[in-house]
Amino acid sequence: MPPGITTLAADAPELSAANTGFMLICSAMVMLMTPGLAFFYGGMVRVKSTLNMLMMSFISLGIVTILWVLYGFSLAFGTDVGSVIGWSSDFVGLSGIGVTELWPDYTIPVYVFAVFQLMFAILTPALISGALADRVKFTSWALFITLWVTIVYFPVAHWVWGAGGWLFELGVIDFAGGTAVHINAGAAALGVILVIGKRVGFKKDPMRPHSLPLVMLGAALLWFGWFGFNAGSWLGNDDGVGAVMFVNTQVATGAAVLGWLAYEKIRHGSFTTLGAASGAVAGLVAITPAGGAVSPLGAIAIGVIAGVLCAMAVGLKYKLGYDDSLDVVGVHLVGGILGSLLIGFFATGGVQSDAKGLFYGGGVEQLGKQAVGVFAVLAYSLVVSAVLAFVLDKTIGMRVSEDEEISGIDQVEHAETAYDFSGAGGGATTRTAPPAAGTPAAPTNKKVDA
């Protein structure tokens, strides 16, 4: 994603109505990804946890929006301070921004850039929630989001995309969030689950998805919204780079679906709908950092690699004993790492920048830069997220009780259930009085016509 770079007044561009409209549409598409993620995760859990899973995503829309306006945008995209954080008083409360003031070096208003980036900030902590299904107090989760975006997401976004951020200055390529979003969220998920532990019945109870149609609906909404997520990250349509990213997003995702399903068929003997949906998300994750640097053929390779390796990675939780409920680590962390590192192999040097990967004569220089970005974000997010979870667990508590988890977190935390079957009996019934002694028994229930 292009960061803001100050230009001379004489070279400053003019506001583009076309680019502004395009970016507003992309912002709305990215917003839709958070409800889409809620449906995707919500269908993957058991019935008794459906509403909690939906709410763990939806609450991010409220919390992060307010934090972003108050200080988040300033921390992430304000004037650089020491290459690790930003700060601009005009961005605090979005109070010092002119209506037609442009984001430096681009043709869209600052307000448009701010709202587009807000949608990324909302989605990222919501991604973490899938690893914590069935067992986290909702109040603790809301407080975790507040602390995490402040201490982890806002600084990392500045490192990667902010003018002066140290990873940006190093030359790390992250078109739309492989490091700042997916590795960041995946590493955070791993850090938290290592602290809070496993669900009751992990590796004993089947814990199957309760609604695969809901999963497929969520995957479809994510896929649709991801075009705004990726193509919009070039902040305009003037040079065709966003169009290449749009194409590569579709190509890599389709390839990842095929790669995941092929692995699944060979390994388990079946093509599953859950595998198709998960493969799509894996491909979307992997192409997110790389799609502006590779050709469509490179996108196919990235998609297939991500589909196969992410499918393999989701089984590691059973071997290593960590309870990543809905495979956030296996898909988002592993997919983000793959997409970021594969830039070092497949970058053509002819799309978003002139940086070339190993397969295009660029040597290992770009691969080295990508590796620095990957492991810096992974280590920071993993450690800080684990510390935050530990502090919350030792103070207000992160988990519901074992009895509450078994009975169902929806009732405990939200006093609701996702599905009401009380009216599903097929019609009203009336009871008759008991028969007199010696009389043949009459039916105890008689159907009454509606």
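Here the structure is a predicted model, which is why all the values come from computation and not from measurement. (Residues numbered from 1 in each chain as written. Predicted model: local features only at pLDDT ≥ 70, side-chain atom pairs only at ≥ 80, totals over all residues. Heavy atoms only, no water.)

A. Region of the structure containing the confidence of the model for the protein chain. When pLDDT is averaged along the protein chain, the result is 92, and 91% of the positions lie at 70 or above. Taken as a whole, residues 427-450 scores under 50 in pLDDT and shows 16 contacts with residues more than four places along the chain or in a different chain. (pLDDT = per-residue confidence, 0-100. Contact = heavy atoms within 4.5 Å.)

B. Highlighting the packing of aromatic side chains. The tally for this structure, following the rule as stated, stands at 26 aromatic pairs. Summarising the aromatic geometry, the rings of F77 and F113 are spaced 5.0 Å apart at their centres and angled 85° between planes, so their arrangement reads as edge-to-face. Of this pair, F77 sits in helix α2 (residues 50-77) while F113 sits in helix α3 (residues 110-128), placing them 36 residues apart in sequence. Here the two residues F77 and F113 agree in accessibility, since each one is buried. A centroid spacing of 5.6 Å and a plane angle of 15° characterise the contact between F175 and W234, whose relative ring orientation is stacked. Of this pair, F175 sits in the loop between α5 (166-170) and α6 (178-196) while W234 is found in the loop between α7 (212-231) and α8 (241-268), placing the two residues 59 residues apart along the sequence. According to the relative accessible area criterion, F175 is buried, its value standing at 0%. (Phe/Tyr/Trp six-rings, centres within 6.5 Å; stacked < 30°, edge-to-face > 60°. Helix = DSSP H or I, 4+ residues; strand = E, 2+ residues; numbered from the N terminus. Buried < 20%, exposed > 50% of the residue type's maximum accessible area, 1.4 Å probe, protein only.)

C. Broad picture of α7. The terminal C-alpha atoms of α7 lie 29 Å apart, and with 20 residues this matches the ideal 28 Å at 1.5 Å per residue to within 8%. The largest bend in α7 comes to about 30°, at G225. For α7, the full list of buried residues reads L214, V215, G218, A219, L222, G225, W226, F227, G228, F229, N230 and A231. Residues of α7 that are buried in the fold lie against α1 (17-44), α3, α6, α8 and α9 (273-290). (Expected span 1.5 Å × (residues − 1). Bend = angle between axes of the 7 residues up to and from the residue.)

D. Just the packing of α6 against helix α13 (residues 365-395), in detail. Orientation of α6 relative to α13, taken along the N-to-C sense of each, is 40°, at an axis distance of 7 Å. Two packed elements cross with a definite hand, and for α6 against α13 that hand is right-handed. Counting all contacts with α6, which are made through T179, I183, N184, A187, A188, L190, G191, V192 and V195, the residues of α13 involved are G373, V374, V377, L378, S381, L382, S385, A386, A389 and F390. The residue makeup of the contact of α6 with α13, split by class, is 13 nonpolar, 6 polar and no charged. (Axes fitted to C-alpha atoms, helices over the stretch in contact; angles between N-to-C directions. Left-handed = near helix turned anticlockwise from the far one by under 90°. Nonpolar A, V, L, I, M, F, W, Y, C, P; charged D, E, K, R; others polar.)

E. Seen up close, the layout of surface pockets. Roughly 840 Å³ of volume is contained in the largest pocket. In terms of lining, the largest pocket is formed by 33 residues, of which the most central are L274, V314, K317, Y318 and D327. Those elements that place two or more of their residues in the lining of the largest pocket are α8, α9, α10 (296-313) and α11 (316-320). Here the element with the most residues in the lining of the largest pocket is α8; it accounts for 5 residues. (1 Å grid on protein atoms, 1.4 Å probe; cavity = no way out; pocket = protein on both sides within 12 Å on 5 of 7 lines; lining within 4 Å. Points joined across faces, edges and corners; volume = space filled by probe spheres on them.)

F. Looking closely at the side chain of N230. Along the chain, N230 turns up in helix α7. For N230, the contacting residues outside a window of four places in its chain are F175, A176, M245, T249, I287 and T288.

G. Examining the pattern of salt bridges more closely. In this structure the tally under the stated criterion is 7 salt bridges. When the shortest N-O distance is used, the salt bridge between K317 and D327 registers 2.9 Å. One end of the pair, K317, is in helix α11; the other, D327, is in the loop between α11 and α12 (328-346), and 10 residues separate them in sequence. Here K317 falls in the buried class, since its relative accessible area comes to 4%. In this structure, K369 engages E365 in a salt bridge whose closest nitrogen and oxygen atoms are separated by 3.4 Å. Of this pair, K369 and E365 are both found in helix α13, 4 residues apart, which corresponds to roughly one turn of the helix. (Salt bridge = Lys/Arg side-chain N within 4 Å of Asp/Glu carboxyl O.)

H. The nonpolar core, seen in detail. F73 and L132 are the most contacted members of the largest nonpolar core, which totals 122 residues. Contacts of F73, omitting those with residues within four sequence positions, involve W68, G78, F91, L94, I97, W103, V110, F113 and A114. (Core = buried A, V, L, I, M, F, W, Y, C linked by side-chain atoms within 4.5 Å.)

I. Layout of unusual backbone geometry. You will see that L94, though not glycine, has its phi angle at about 50°, which is positive. Following the sequence through the fold, L94 ends up in the loop between β2 (85-86) and α3. A positive phi angle, near 65°, is found at D327, a position not held by glycine.

J. Region of the structure containing the side chain of N19. Relative to the elements of secondary structure, N19 occurs in helix α1. From its side chain, N19 meets the backbone nitrogen of N237 in a polar contact 3.0 Å long. Reaching out from N19, the side chain makes a polar contact with the side chain of D238 at a distance of 3.0 Å. With residues near it in sequence (within four places) discarded, N19 still touches T107, I108, G236, N237 and D238. (Polar contact = N/O pair within 3.5 Å; in protein donor to acceptor, adjacent residues only side chain to side chain.)

K. Local environment of a nonpolar patch on the surface. A cluster of nonpolar side chains, namely V84, W166, L170 and V372, defines an oily patch on the protein surface of about 290 Å² accessible area. Here W166 is to be found in helix α5. (Patch = residues over 30% accessible without salt bridge, like charges linked within 9 Å, V, L, I, M, F, W, Y side chains within 5 Å. Areas by Shrake-Rupley, 256 points an atom, 1.4 Å probe, with all protein chains shown as cover.)

L. Molecular detail of empty space enclosed by the protein. Under the defined criterion, the tally for this structure stands at 1 cavity of 30 Å³ or more. Lining the largest cavity are F40, Y41, M44, S278, V281, L326, D327, V331 and H332. At 3 residues, the largest contribution of residues to the lining of the largest cavity is made by α1.

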